[in-house]
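Secondary and tertiary structure notes
Now for the letters of each chain:
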Amino acid sequence: MDDDLTTRHHDGPVDASAAAALAAQGLELRLVRNARPELDAWIGAVRRGFLDPEPTEAQLDAATARNGYRRMIGVYDPAGPMPEVPVGTFASWATDLTVPGERTTPMVAISAVTVAPTHQGRGIARAMMEGELRHAVALGIPMAGLTASESTIYGRYGFGPAVAATTWRIDTKRARWEGPTAPGRVDHVSRETARALLPRLHDEVRLRRPGEIPIPGSHWDRFTELHPDADKPGRVRAAQYADPAGRVRGMVLYTVTENEDDFTKSSVRVSHLVAVDAEAYAALWRHLIELPLIGTVTASELSVDEPLLWMLSDQRAAEITVSDHHYVRVLDVPAALQARGYDTAGAVVLEVSDPLGHSSGRWLLEAGADGSGRVRADGGPDARDIPVLRLGTAALSTAYLGGVSVSTLAAAGRVESTDAAAAAAVLGHRAVPQLSFWY
Ligand SMILES: CC(C)(COP(=O)(O)OP(=O)(O)OC[C@H]1O[C@@H](n2cnc3c(N)ncnc32)[C@H](O)[C@@H]1OP(=O)(O)O)[C@@H](O)C(=O)NCCC(=O)NCCS
């Protein structure tokens, strides 16, 4: 990510139209500085929005130390009894989204969207979202992304569920290991060692996996329970896999819960597993499946196509649920489509309608045999034998990372095409997208 873009995104002024729309209701839209005490009220409002208790001093200190990367805005009601506490909150930062073809594109990541229950239904969330998307567009950032508390909130702004996640519950008494035996070794390591190594391992993996973004440092602190406000620090165990040459190729963080009625039915919750190669993947999952005294292993934010399923003696030992996870939003069609790679050469005309106008238009995408894409505005219908795809921005965003086939979307009535199979061949991608955390 270009540092200059990161700074311009972080420090740019609030959107004037959003500020004017809110001012018409007597509300003020402001940037929030990452400093106490100004940040305290903002953090308190975010926690209230997500049904958490009031922040403690330790949480406020930790938040100030770890929040700097986020651009924070707040909506304030000067007429209320606590004018210093925002009634609307929104955070974002410029980051890199991995797209098909082992490439990345700039993306604005959005989080902490809350509106006080006393002020809901007045267009505050809409004003913040529309304003912040305009800010990203003005900086030339072609994509936006978020993970959502509810599936129904963000489609209206052009976001589409592009990366599904699976949650696993494995009955380890039933599932014998039938995967490969890795030649290296698995060892427990300290949480501090894990904290030091995990970002590098994740960076190596995320660049191969559409849908991932860099994991902010504060998340790593939480995963390893090295965050100063951790509830019960020390529950997390870390284990690494090192190959025969001694290179660390994977790491898992997990929490054990003892079953005092029957020790052999204790459970493990995997908080994060990163494997740079197939050996590390097999070794770490085997470690979890064969842990003594453990009857159940649960894990979430896995992909919809995990080799793990094929490493168990009994597939029904794993209960797997699928849900929508990473929502993305195309803001700039040519920049986004040219940023990704293509497995299949071909051409598609895209007729895109955008509820907010940013990506509306008729575009010709030509994918070359070298995997690159070229996009230009297209003049209109003619006699060429090129499939035409008519779709809203949310559907385009869903298809963008290659996780859902355009044929499937056509069968579901989400897109219209003169030749959905041909369009699907161009826009599809061999790698299964994944986002291994929430943000
Ligand atoms: C979701 C939330 C931010 C919406 O705030 P809000 O200011 O009431 O929303 P707005 O008044 O701007 O509504 C904008 C649109 O979203 C719709 N909407 C609002 N909340 C919704 C919800 N929970 N589910 C589906 N749609 C919702 C509104 O009907 C409105 O639709 P329209 O403009 O297409 O007619 C707010 O309810 C909230 O803070 N919820 C709890 C925290 C949370 O879940 N945040 C989202 C984190 S991902």
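I will try to describe carefully the structure that is included in this document. Here the structure is a predicted model, which means the values were calculated and not measured. (Residues numbered from 1 in each chain as written. Predicted model: local features only at pLDDT ≥ 70, side-chain atom pairs only at ≥ 80, totals over all residues. Heavy atoms only, no water.)

A few points about the side chain of Glu 212
Mapping Glu 212 onto the fold places it in the loop between helix H6 (191–206) and helix H7 (217–223). A residue is classified by how much of its surface remains accessible, and Glu 212, at 0% relative accessible area, is buried. Within the structure, Glu 212 has its side chain in polar contact with the side chain of Ser 436 (distance 3.1 Å). If sequence neighbours within four positions are ignored, Glu 212 has contacts with Asp 96, Leu 97, Thr 98, His 202, Arg 206, Gln 434, Leu 435 and Ser 436. (Helix = DSSP H or I, 4+ residues; strand = E, 2+ residues; numbered from the N terminus. Buried < 20%, exposed > 50% of the residue type's maximum accessible area, 1.4 Å probe, protein only. Polar contact = N/O pair within 3.5 Å; in protein donor to acceptor, adjacent residues only side chain to side chain. Contact = heavy atoms within 4.5 Å.)

Some points on the sheet that holds strand E15 (residues 373–377)
Strand order in this open sheet of five strands is E15-E14-E13-E16-E17, and the pairing throughout is mixed. Of all the strands in the sheet, just E15 and strand E17 (415–417) have a single pairing partner and so form its edges. The mean angle between the axes of side-by-side strands here comes to 25 degrees, regardless of whether they run parallel or antiparallel. When strand E14 (residues 361–367) meets E15, the two strands line up antiparallel, connected through five bridges. Across the sheet, residue Leu 364 finds its bridge partner in E15, namely Arg 376. Lying on the sheet, helix H10 (residues 393–400) is in contact with strand E13 (346–353), strand E16 (388–392) and E17; it crosses E16 at an angle near 110 degrees. Sheet contacts for helix H12 (residues 420–427): E13, E14, E16 and E17; angle to E13, the most-contacted strand, approximately 100 degrees. (Pairing = 2+ DSSP bridges. Axes fitted to C-alpha atoms, helices over the stretch in contact; angles between N-to-C directions.)

Comments concerning the site of the ligand
Lining the immediate surroundings of the ligand are 21 residues, of which Val 113, Val 115, Gly 121, Ser 149 and Arg 156 lie closest. Within the backbone of Val 113, one N or O atom sits 2.8 Å away from a nitrogen atom of the ligand. Between the ligand and Val 115, the relevant distance is 2.8 Å, taken from an oxygen atom to a main-chain nitrogen or oxygen of the residue. Relative to its free-state accessible area of 900 Å², the ligand is covered by the protein chains to the extent of 72%. Secondary-structure elements contributing two or more residues to the shell around the ligand are strand E4 (103–115) and helix H5 (124–138). The class makeup of the residues in the shell around the ligand is nine nonpolar, eight polar and four charged. (Near = heavy atom within 4 Å. Areas by Shrake-Rupley, 256 points an atom, 1.4 Å probe, with all protein chains shown as cover. Nonpolar A, V, L, I, M, F, W, Y, C, P; charged D, E, K, R; others polar.)

Some points on empty space enclosed by the protein
Inspection of every chain in the model, using the stated rule, returns one cavity of 30 Å³ or more. If you add up the space inside the largest cavity, you get close to 40 Å³. Lining the largest cavity, in full, are Ala 45, Arg 48, Gly 49, Pro 86, Val 87, Gly 88, Thr 114, Val 115, Ala 116 and Pro 117. Mapped onto the lining of the largest cavity, the elements with two or more residues apiece are helix H3 (38–49) and E4. Examining the composition of the lining of the largest cavity, we find that three residues originate from one element, H3, more than from any other. Residue composition of the lining of the largest cavity, grouped by class: six nonpolar, three polar and one charged. (1 Å grid on protein atoms, 1.4 Å probe; cavity = no way out; pocket = protein on both sides within 12 Å on 5 of 7 lines; lining within 4 Å. Points joined across faces, edges and corners; volume = space filled by probe spheres on them.)

As for the pairing of strand E10 (residues 266–275)
Most of E10 is tucked away: seven of the ten residues are buried. Note: strand E9 (residues 248–257) against E10, eight bridges, orientation antiparallel. Along E10, the bridge assignment pairs Tyr 254 with Val 270. Alignment of E10 against strand E11 (residues 294–302), held across five bridges, turns out to be parallel. Residue pairing across strands places Ser 267 opposite Thr 296, the latter belonging to E11. For the crossover that starts at E10, traverses helix H8 (residues 278–289) and ends in the parallel E11, the hand is right-handed. (Right-handed = clockwise from strand over helix to strand, strands pointing away.)

Topic: the nonpolar core
Counting residues in hydrophobic clusters, the biggest one holds 56 residues, and the most contacted among them are Leu 97, Ile 213, Leu 337, Leu 350, Leu 389 and Tyr 400. At five residues, the largest contribution of residues to this core is made by H6. Sequence-distant contacts of Tyr 400, that is, excluding residues within four places in its chain, are made with Leu 97, Val 99, Pro 100, Thr 105, Met 143, Val 330, Ala 336, Leu 337, Ala 339 and Arg 340. Counting 32 residues, the second largest nonpolar core, distinct from the first, contains Trp 177, Ala 239, Leu 291 and Ala 299. (Core = buried A, V, L, I, M, F, W, Y, C linked by side-chain atoms within 4.5 Å.)

Structural notes on the layout of surface pockets
Space inside the second largest pocket adds up to approximately 590 Å³. Taken together, 29 residues line the second largest pocket, and the ones lying closest to its centre are Val 205, Arg 209, Tyr 281, Pro 307 and Gln 434. Looking at the lining of the second largest pocket residue by residue, the classes come out as 15 nonpolar, seven polar and seven charged. When residues of the lining of the second largest pocket are assigned to domains, at least three map to each of domain 1 (3–147) and domain 2 (166–324). (Domains from an automatic or database assignment.)

Overview of the packing of aromatic side chains
By the definition in use, this model includes seven aromatic pairs. Between Trp 93 and Tyr 439 the ring centres are 5.7 Å apart and the planes differ by 70 degrees, which places this aromatic pair in the edge-to-face class. Here Trp 93 is found in strand E3 (residues 88–99), whereas its partner Tyr 439 is found in the segment after H12, with 346 residues between them in sequence. The buried category is assigned to Tyr 439, whose relative accessible area is 11%. Seen in terms of ring centroids, Tyr 154 and Tyr 157 are 6.4 Å apart; in terms of plane orientation they differ by 45 degrees. Their pairing is tilted. Tyr 157 matches Tyr 154 in its accessibility class, with the two residues each being buried. Through successive ring pairs, a cluster of aromatic residues spans Tyr 69, Trp 93, Phe 437 and Tyr 439. Stacked on the ring of Tyr 76, the Lys or Arg Arg 30 has its end atom at 3.8 Å from the ring centre. (Phe/Tyr/Trp six-rings, centres within 6.5 Å; stacked < 30°, edge-to-face > 60°. Lys NZ or Arg CZ within 6 Å of the ring centre and 35° of its normal.)

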